[in-house]
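Topology and contacts: notes
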Amino acid sequence: MIDVSGYELTPEEIDILDHPLVGGIILFTRNYHDQKQLEDLVKHIREVTRNDILLATDHEGGRVQRFRKDFSNIPAMGEISQLLKRHQLDTDSFTRSLGWLMAAELQAFNIDISFAPVLDINGISEVIGDRSFHQSPVQIIKLASQFILGMKDAGMSATGKHFPGHGNVLEDSHVAIPIDRRNKQQIFELDMAIFTEINKQGLLDAVMPAHVIYPDVDDLPAGFSRKWIQQILRTDVGFDGVVFSDDLSMEGAVQMGDIVERAELAISAGCDMVLVCNDPSGAIKVIDGLPSDIAMDDLSVERVSGLKSSSHFDFQTLQKSQQYQDITYTLNSINESREPV
């Protein structure tokens, strides 16, 4: 999965998107100007890609929301508990409606998935912070489960991140190499228990491992570790969905070698699809430098294909629905109450 540079595809990007190893595109804020432009960009991407492309974005809510103008202002997940109390809202109904709204607005533009929700604990990590639902694993499971059910109501698959948990390590894996020195029991019983329980409910379609080292379990970051992905996640937890690498250009991944070596290691560890973002030359190196005989096995292809959106509606139709009007009215009322009188 790679990215593109702006509002429109460049001739070079069109050539790259026709490469047989390109199976996904992730969109960022730099790819959004307005809804008509987004609609045209998505249509063009799907026209020029050789594969049945998986189109993704990070649209969690709060500070991580890629499209803002004319899209709903989804609150940060860590704000939901406060809003429930302050406005006396029904926990399940409101949280599920937020998941539905986030997913439905993206799918109205033929975007398959948002890499959401964050299942990390709101612990000491500043990069996680209010991206997490709560400090309590019990509350995270309760809120995240409803949010995912809402996503599924809209026809979108859910991606839990960052397995087995990024919330209790201080360093930001975008710019550092985090090491979580807690013992295995603490990690399994606290952070990873969230993923385990939500997977037991059949709600996880995909997982994104953290670029974090947990030395009491393995010396490799989780996203490059056969032990974490194949033994713990696949066998012990029983997860059978898609495993995405986190962005291989992040600082938390650079210790694993050059960008091609990182991709090979992530794939051999068990990732079904690897991400190379914000590094156009790196993306080219990966798709040109991976061994010519490398290919997703049939199971990986089936898994990734299963994440494709099953919904077909446009934004105008969505806006006319009663469900959309109800949740956006609630959100607008909340936002108005924040403004000074």
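Note that the structure is predicted; figures quoted are calculated from it, not measured. (Residues numbered from 1 in each chain as written. Predicted model: local features only at pLDDT ≥ 70, side-chain atom pairs only at ≥ 80, totals over all residues. Heavy atoms only, no water.)

Details of the overall build of the chain
Applicable threshold: Working definition: helices are DSSP H or I runs of at least four residues, strands are E runs of at least two. Numbering for both runs from the N terminus. Computation of the radius of gyration draws on C-alpha atoms alone. For the globule rule, the value is 2.2 Å times the number of residues to the power 0.38. Burial classification: accessible surface area is computed with a 1.4 Å probe over protein chains only, and a residue below 20% of its type maximum counts as buried, one above 50% as exposed, and the rest as partly exposed. Throughout, a residue-residue contact means that at least one pair of heavy atoms, one from each residue, lies within 4.5 Å. We get accessible surface area from the Shrake-Rupley algorithm with a probe of 1.4 Å; when it comes to residues, only the shown protein chains can shield them. All tallies of charge rest on Lys and Arg as positive and Asp and Glu as negative; His and the ends of each chain are not included. Lysine's charge is taken at NZ, arginine's at CZ, aspartate's at CG and glutamate's at CD.
Helix and strand counts for the chain come out as twelve helices and nine strands. Scaling as 2.2 N^0.38, a compact globule of 341 residues should have a C-alpha radius of gyration of about 20 Å, and the chain matches this with 19 Å. Its C-alpha atoms give the chain principal-axis dimensions of about 60 × 50 × 35 Å. Classification of the 341 residues of the chain by burial places 57% in the buried group. Partitioning the contacts of the chain with sequence separation of at least 6, the portion at a separation of at least 24 is 75%. Only carbon and sulfur atoms are counted for the fraction: they give 48% of the accessible area of the chain, which is about 14,400 Å². Each charge class in the chain can be summarised by its mean position, and for the 29 positive and 52 negative side chains these summaries are 4 Å apart.

Re the packing of aromatic side chains
When we look at a pair of aromatic rings, we describe it by the centre distance and by the angle of the planes. This is how it is decided: Each aromatic pair joins two rings of Phe, Tyr and Trp (for Trp, the six-membered one) with centres within 6.5 Å, and gets the label stacked for planes under 30 degrees apart, edge-to-face for over 60, and tilted for any other angle.
According to the stated counting rule, one finds 13 aromatic pairs in the structure shown. An angle of 85 degrees between the planes, with centres 5.5 Å apart, marks the rings of Tyr-32 and Phe-71 as edge-to-face. Here Tyr-32 is found in the loop between β1 (24–27) and α2 (35–48), whereas its partner Phe-71 is found in the loop between β4 (64–65) and α3 (80–86), with 39 residues between them in sequence. Assigned by exposure class, Tyr-32 and Phe-71 land together as buried. Summarising the aromatic geometry, the rings of Phe-163 and Phe-195 are spaced 5.4 Å apart at their centres and angled 90 degrees between planes, so their arrangement reads as edge-to-face. Placement of Phe-163 in strand β6 (residues 159–163) and of Phe-195 in helix α6 (residues 184–200) is noted, with a sequence separation of 32 residues between them. The pair formed by Phe-163 and Phe-195 is uniform in burial state, with each residue classed as buried. Aromatic ring contacts, followed pair by pair, group Tyr-32, Phe-67, Phe-71, Phe-109, Phe-315 and Tyr-324 into a single cluster.

As for unusual backbone geometry
Here the bond from Ala-116 into Pro-117 is cis, since omega is 5 degrees, no more than 30 degrees from zero. Inspection of the secondary structure puts Pro-117 in the loop between β5 (113–114) and α5 (137–153). The linkage connecting Lys-161 with the following residue, His-162, adopts the cis geometry, with an omega of 5 degrees. Positive phi values are uncommon outside glycine, yet Asp-70 reaches one of about 70 degrees. With respect to the helices and strands, Asp-70 occurs in the loop between β4 and α3. With a phi close to 50 degrees, Gln-88 is a non-glycine residue in the positive phi region. Within the secondary structure, Gln-88 is located in the loop between α3 and α4 (91–107).

Overview of the nonpolar core
Here is the rule we go by: Each nonpolar core is a collection of buried residues, namely Ala, Val, Leu, Ile, Met, Phe, Trp, Tyr and Cys, held together in the definition by side-chain atoms within 4.5 Å.
Ranked by internal contacts, the top residues of the largest apolar core, which has 92 residues, are Ile-25, Leu-27, Leu-38, Phe-94, Ile-198 and Trp-228. When residues of this core are assigned to their parent elements, the largest contribution, eight residues, is made by α4. Counting residues in each nonpolar core, the second largest holds 16 residues, with Met-1, Phe-244, Cys-277 and Leu-307 among its members.

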